[in-house]
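Examination of the molecular architecture
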Amino acid sequence: MQSPNNSTMERLPLKTSDFIQYIDFVDIIWVKALKKQSQVCIKGKPEVITSTFSFGDLEDMLPTTFFFKCHRSTIINLSHLQRFYKGKRQLLLSDNQCVIIAEERIGEFENRINSSK
């Protein structure tokens, strides 16, 4: 499978144990590692989808223009970022969930959000 980083794909083929669902990148809020699988939160969906893709597989498929790995087990979609609590190292996302940003990733994160202004 060709990575979206190198193609014009705008959707992620998200494989589960029952189906493959094609999701627009803009609708993905976050991705989290779950043992050898991954959890994906999608805008407007009440439940989190568990994918049979590993976290590393999804990390390779997500375009770095939209997504940022804020922790070793969490990737966020920067377009769903609502607030950055710098002192607490927390990011508030559009689904009202707070995720922690690793201390060693703060500098890169600040560069990314400052360069997009």
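Structure shown above.
Quick look at the structure, then.

Calculation criteria
- Residues numbered from 1 in each chain as written.
- Predicted model: local features only at pLDDT ≥ 70, side-chain atom pairs only at ≥ 80, totals over all residues.
- Heavy atoms only, no water.
- Buried < 20%, exposed > 50% of the residue type's maximum accessible area, 1.4 Å probe, protein only.
- Helix = DSSP H or I, 4+ residues; strand = E, 2+ residues; numbered from the N terminus.
- Pairing = 2+ DSSP bridges.
- Axes fitted to C-alpha atoms, helices over the stretch in contact; angles between N-to-C directions.
- Contact = heavy atoms within 4.5 Å.
- Phe/Tyr/Trp six-rings, centres within 6.5 Å; stacked < 30°, edge-to-face > 60°.
- Lys NZ or Arg CZ within 6 Å of the ring centre and 35° of its normal.

So, on to the pairing of strand β7 (residues 74-77). Burial of β7 is two-sided: the residues Thr74 and Ile76 facing one way and the residues Ile75 and Asn77 facing the other way are all buried. Relative to β7, strand β3 (residues 28-34) is paired through 3 bridges, and the arrangement is antiparallel. Bridge assignment links Trp30 to a residue of β7, and that residue is Ile76. Relative to β7, strand β6 (residues 67-71) is paired through 4 bridges, and the arrangement is antiparallel. Within the sheet, the bridge partner assigned to His71 lies in β7 and is Thr74. With antiparallel pairing between neighbouring strands as the criterion, β6 and β7 make up a hairpin whose turn holds 2 residues.

Paired through their backbone hydrogen bonds, the strands of a sheet run either parallel or antiparallel. Taken in spatial order, the 5 strands make up an open sheet running β5-β4-β3-β7-β6, and their pairing is antiparallel. If you trace the sheet from one side to the other, it starts and ends with β5 (49-51) and β6, each paired once. The mean inter-strand angle of the sheet, taken between neighbouring strand axes irrespective of direction, is 25 degrees. The sheet contact formed by β3 and strand β4 (residues 37-42) spans 6 bridges and is antiparallel. By the bridge assignment, Ile28 is partnered in β4 with Ile42.

What you tend to see is this: most non-glycine residues have negative phi, and most peptide bonds are trans. The phi dihedral of Lys35 falls on the positive side, at around 55 degrees, and the residue is not glycine. As for its placement among the helices and strands, Lys35 is situated in the loop between β3 and β4. Its identity is not glycine, yet Arg89 carries a phi of approximately 60 degrees, on the positive side. With relative accessibility at 28%, the residue Arg89 sits in the partly exposed group.

Right, let's talk about the side chain of Asn77 for a bit. In this fold, Asn77 is placed in strand β7. Among the residues examined, Asn77 registers a relative accessible area of 0% and is labelled buried. Aside from chain neighbours lying at most four places away, what touches Asn77 is Phe25, Val26, Ile28, Ile29, Phe66 and Phe67.

On to the packing of aromatic side chains, then. Both the distance between ring centres and the angle between the ring planes are used here to describe each pair of aromatic rings. Applying the stated criterion across every chain yields a total of 3 aromatic pairs. Ring geometry for Phe25 against Phe67: centres 6.3 Å apart, planes inclined by 75 degrees, an arrangement best described as edge-to-face. In this pair, Phe25 is assigned in the loop between β2 (20-24) and β3 and Phe67 in strand β6, connecting sequence segments 42 residues apart. Phe67 matches Phe25 in its accessibility class, with the two residues each being buried. Plain terms: the ring middles of Phe84 and Phe109 are 5.0 Å apart, the flat faces sit at 75 degrees to each other, and that makes the pair edge-to-face. Residue Phe84 is found in strand β8 (residues 81-85), and its partner Phe109 is found in helix α2 (residues 106-115); the two are separated by 25 residues along the sequence. Ring pairing ties together the aromatic residues Phe68, Phe84 and Phe109, which thus form one cluster. The ring of Trp30 is capped by Lys32, whose NZ or CZ atom sits 4.5 Å from the centre of that ring. Positioned over the ring face of Tyr85 is Lys88, at 5.9 Å from the centre of the ring.

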